[in-house]
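Chain and residue survey
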Amino acid sequence: MGALELLSGDAQTFIEKVWASRIHVHHARPSDVARLLSLADVDQLLTSSALRTPALRIAQDGEVLPAIRFTRHATIAGSPLTGLVDGRKVLDLFDGGATVVLQGLHRYWPPLGLLIRELEAELGHPCQANAYLTPPGSQGFALHKDTHDVFVFQTHGRKEWELHDDAGAHHVTMEPGVSMYLPTGTPHAARTQRDVSLHVTIGINQVTWRNALGRVVDAVLDAGDLDGHLPAGYLDDQADFAAGLSARLRAIADDLERVDAAAAARTEAERFLTTRTSNLTGGLVDRLAVGEIDADSTVVRRPGSVCVLVSGRDALRVLLGDRELQVPAYLEPALVWLRTQDELRPADLGPWLDPQSSLVLVRRLVREGLLQVRS
């Protein structure tokens, strides 16, 4: 099941409507979403790990509490360690009605890290994951709006949500298996009743037309001779200033007219496809096993991995999500086939490469994290 199917049902329908100003509620199997972050998982993170701020914040009655209320100092090898989350203090505040917020979970909780990578690949927009643990009879935040689109899914307990749109106020009960999509700017608040609640929010930080066009315009401006100073005396007489400004605006307009839109679109996509967070779970074991890979070893595509091929005159660029590789152009047919496979053996590349070249390529892609040695 893909990321969009898990969160919103039919992926294609959602892609067509994702930016529409409407609230979308989807029901899935509770086990499918609960496995991403359980109450026991949060217990382990809060009490048995070395979380530090700002990975955690705490809110109560609409106010964010100062970090000093739930952190402590420690040392490692004599060096100070600040902002360390104090599990006992967190539990005491939770008992007192505070909501615990785990921020940026995709950076340190693998199941959500994988979900975020898959969602980014489907949407083409940066995403992030936070989790909210709220005790019974409590509300962490007052009615507010977010500056990005949000998916919400409940993994434990129940929570009552108040939502507002053009049609008025709505109330939704979130429970395990229910996910909800809120467009940017949707006023919302949530409160627990008798149950402790754990829900995850996926924030979609939209790449806008302003962002993309800004990068195109900046590139044009950077290529021009625009660092000369304004004419002296322009404060009293703006004629020279206006003439120079007019000439430069015409030149910029001419340069923008010559921009290759297709090339700019490729550049934008490639920028996204080389700046994502890497997923290297199991990478140490794979690196240690690289030397043992032979022609008949089975390797599998790493979950959530990205592989986009960009042909060049002398080399093939392989975009892997967090960076790119440049490899000889003759490898393109083999890589075109390889990137579509869930699993393969180096020997399977025989139609395109000799045995040694097949082995070198597969070992390289294991080291780079695109492939994994099947355990």
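Look up a bit, the structure's there.
Calculation rules
Residues numbered from 1 in each chain as written. Predicted model: local features only at pLDDT ≥ 70, side-chain atom pairs only at ≥ 80, totals over all residues. Heavy atoms only, no water. 1 Å grid on protein atoms, 1.4 Å probe; cavity = no way out; pocket = protein on both sides within 12 Å on 5 of 7 lines; lining within 4 Å. Points joined across faces, edges and corners; volume = space filled by probe spheres on them. Nonpolar A, V, L, I, M, F, W, Y, C, P; charged D, E, K, R; others polar. Pairing = 2+ DSSP bridges. Helix = DSSP H or I, 4+ residues; strand = E, 2+ residues; numbered from the N terminus. Phe/Tyr/Trp six-rings, centres within 6.5 Å; stacked < 30°, edge-to-face > 60°. Buried < 20%, exposed > 50% of the residue type's maximum accessible area, 1.4 Å probe, protein only. Arc of directions from axis to C-beta. Core = buried A, V, L, I, M, F, W, Y, C linked by side-chain atoms within 4.5 Å. Contact = heavy atoms within 4.5 Å. Salt bridge = Lys/Arg side-chain N within 4 Å of Asp/Glu carboxyl O.

As enumerated under the stated definition, the model contains 3 cavities of 30 Å³ or more in all. What the largest cavity holds in volume is close to 80 Å³. When its residues are assigned to classes, the lining of the largest cavity shows 4 nonpolar, 4 polar and 5 charged.

Where strand S9 (residues 159–165) lies against strand S10 (residues 168–174), 7 bridges are found, and the strand directions are antiparallel. Its bridge partner being in S10, glutamate 162 is matched across the sheet by histidine 171. In this structure, the hairpin formed by S9 and S10 is closed by a connection of 2 residues.

To continue, consider the packing of aromatic side chains. Summed over the entire model, instances satisfying the criterion amount to 4 aromatic pairs. Ring centres of tyrosine 132 and phenylalanine 141 lie 6.2 Å apart, and the angle between their planes is 80°; this geometry places the pair in the edge-to-face category. Ring geometry for tryptophan 337 and tryptophan 352: centres 5.4 Å apart, planes at 35°, overall tilted. On the criterion of sequence distance, the pair formed by tryptophan 337 in helix H11 (residues 332–338) and tryptophan 352 in the loop between strand S18 (343–344) and helix H12 (355–368) is long-range, its members being 15 residues apart. Taking the relative accessible area as the measure of exposure, tryptophan 337 reaches 24% and is therefore partly exposed.

Moving on, we get to helix H4 (residues 39–48). Along H4, the residues classified as buried are Asp41, Val42, Leu45 and Leu46. Axial view of H4: buried residues confined to an arc of 125°, hence all on one face. Of the exposed residues in H4, the ones pointing more than 90 degrees away from its buried face are Ala40 and Ser48.

A few words on the pairing of strand S13 (residues 197–204). In terms of burial, S13 is largely enclosed, as 8 of its 8 residues are buried. Alternating positions in S13 separate into two faces, Ser197, His199, Thr201 and Gly203 on one and Leu198, Val200, Ile202 and Ile204 on the other, with burial throughout. In terms of strand pairing, strand S7 (residues 127–134) meets S13 through 8 bridges, oriented antiparallel. When the sheet's bridge partners are listed, tyrosine 132 is paired in S13 with histidine 199. In this structure, strand S8 (residues 149–156) lies alongside S13, joined through 7 bridges in antiparallel fashion.

The subject of this paragraph is the nonpolar core. Ranked by size, the top nonpolar core spans 39 residues in total, and within it Leu37, Leu56, Leu112 and Ile202 carry the most contacts. If you tally residues by element for this core, the top one is helix H6 (residues 110–123), at 5 residues. With sequence-adjacent residues up to four places away left out, leucine 112 is seen in contact with Leu36, Leu37, Leu105, His106, Ala129, Phe153 and Val200. Counting residues in each nonpolar core, the second largest holds 24 residues, with Val290, Leu309, Leu316 and Leu365 among its members.

By the definition in use, this model includes 16 salt bridges. Here arginine 317 and glutamate 270 are joined by a salt bridge, their closest N and O atoms 2.9 Å apart. With arginine 317 in strand S16 (residues 315–319) and glutamate 270 in helix H9 (residues 261–273), this pair connects stretches of sequence that are 47 residues apart. The exposure class assigned to glutamate 270 is buried, which follows from its relative accessible area of 16%. Shared partners join several salt bridges into a network, and the residues in it are Asp322, Arg323, Arg364 and Glu368.

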